[in-house]
Amino acid sequence: GIVISGPDVLLGYMIIAMLMVWLFRKKPRSLVWASALILLLALSISFRICRHRWQRKIIVYNTPSGTAVECVDGEKIYFTGDAAVMDCTALFRQQILPAHWQLHAAIAKSNDDCFFESSSGLLQFYDKKLLIIDTAFTLVSSMPSVSVDYVILSHAPPVSISRLYNWCRFDTIIFDAS
């Protein structure tokens, strides 16, 4: 679909007004203003397109039925989490699809062409590391220590925050609603 921001709509109306003044009142200065506004509108649209193509984001959805994490790389979205979240049509339409529209991105067919790696709950997307801990996770003292940017606690795992912090250095902890 066509997405036009509020300032772009205002510029469009200003362009129409200047063209009408030029057309009906024969003022050449109005044509110059209309041309300048057209250039400004083109720059605004170009900037927005470039911003969407260069975006990199990690999104953690607050869904009650499961874990949903998406990594956005330009116009591609890479999903990890519970498959039940993507299968639930109502949840997908209410929470996830509006975010895709806002990001101007779509779900990628595979995770092969991205820096997205997911193994044993550890996910790396470019320079950010994310650890997803769920009920299947058990903290064993012989496990090697890791350093991550984000930790997601999903499905109320039986983990002590202090023991977790002693084992894993992290910047932010996220509690999801599942």
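This text gives an overview of the structure that appears in the document.

Bringing the side chain of D149 into the picture now. With respect to the helices, strands and loops of the structure, D149 is situated in the loop between β8 (146–147) and β9 (150–153). No salt bridge is formed by the buried D149; the nearest opposite charge belongs to K128, separated by 4.7 Å. Side-chain polar atoms of D149 contact the backbone nitrogen of K129, separated by 2.8 Å. If we skip the residues at most four places from it in the chain, D149 touches D127, K128, K129, F170, D171 and T172.

The topology assignment puts K109 in the loop between β4 (106–107) and β5 (117–119). We classify K109 as exposed; its relative accessible area is 86%. Each C-alpha atom, one on K109 and one on K76, is 9.0 Å from the other, the two residues being 33 residues apart in sequence.

What follows covers the packing of aromatic side chains. Here the structure, examined in full by the defined rule, presents two aromatic pairs. Note on F125 and Y126: the rings are 4.9 Å apart at their centroids and 80° apart in plane angle, and the pair reads as edge-to-face. Each member of the pair F125 and Y126 is classed as buried. Arranged with centres 5.2 Å apart and planes meeting at 90°, the rings of Y165 and F170 form a pair that is edge-to-face. Of note, R56 hangs over the ring of Y126, and the distance from its end group to the ring centre comes to 3.5 Å.

The rules behind the values
- Residues numbered from 1 in each chain as written.
- Predicted model: local features only at pLDDT ≥ 70, side-chain atom pairs only at ≥ 80, totals over all residues.
- Heavy atoms only, no water.
- Helix = DSSP H or I, 4+ residues; strand = E, 2+ residues; numbered from the N terminus.
- Buried < 20%, exposed > 50% of the residue type's maximum accessible area, 1.4 Å probe, protein only.
- Lys, Arg positive; Asp, Glu negative; His and termini not counted.
- Salt bridge = Lys/Arg side-chain N within 4 Å of Asp/Glu carboxyl O.
- Polar contact = N/O pair within 3.5 Å; in protein donor to acceptor, adjacent residues only side chain to side chain.
- Contact = heavy atoms within 4.5 Å.
- Phe/Tyr/Trp six-rings, centres within 6.5 Å; stacked < 30°, edge-to-face > 60°.
- Lys NZ or Arg CZ within 6 Å of the ring centre and 35° of its normal.

In short, the description is geometric, and any link to function would need to be established separately.
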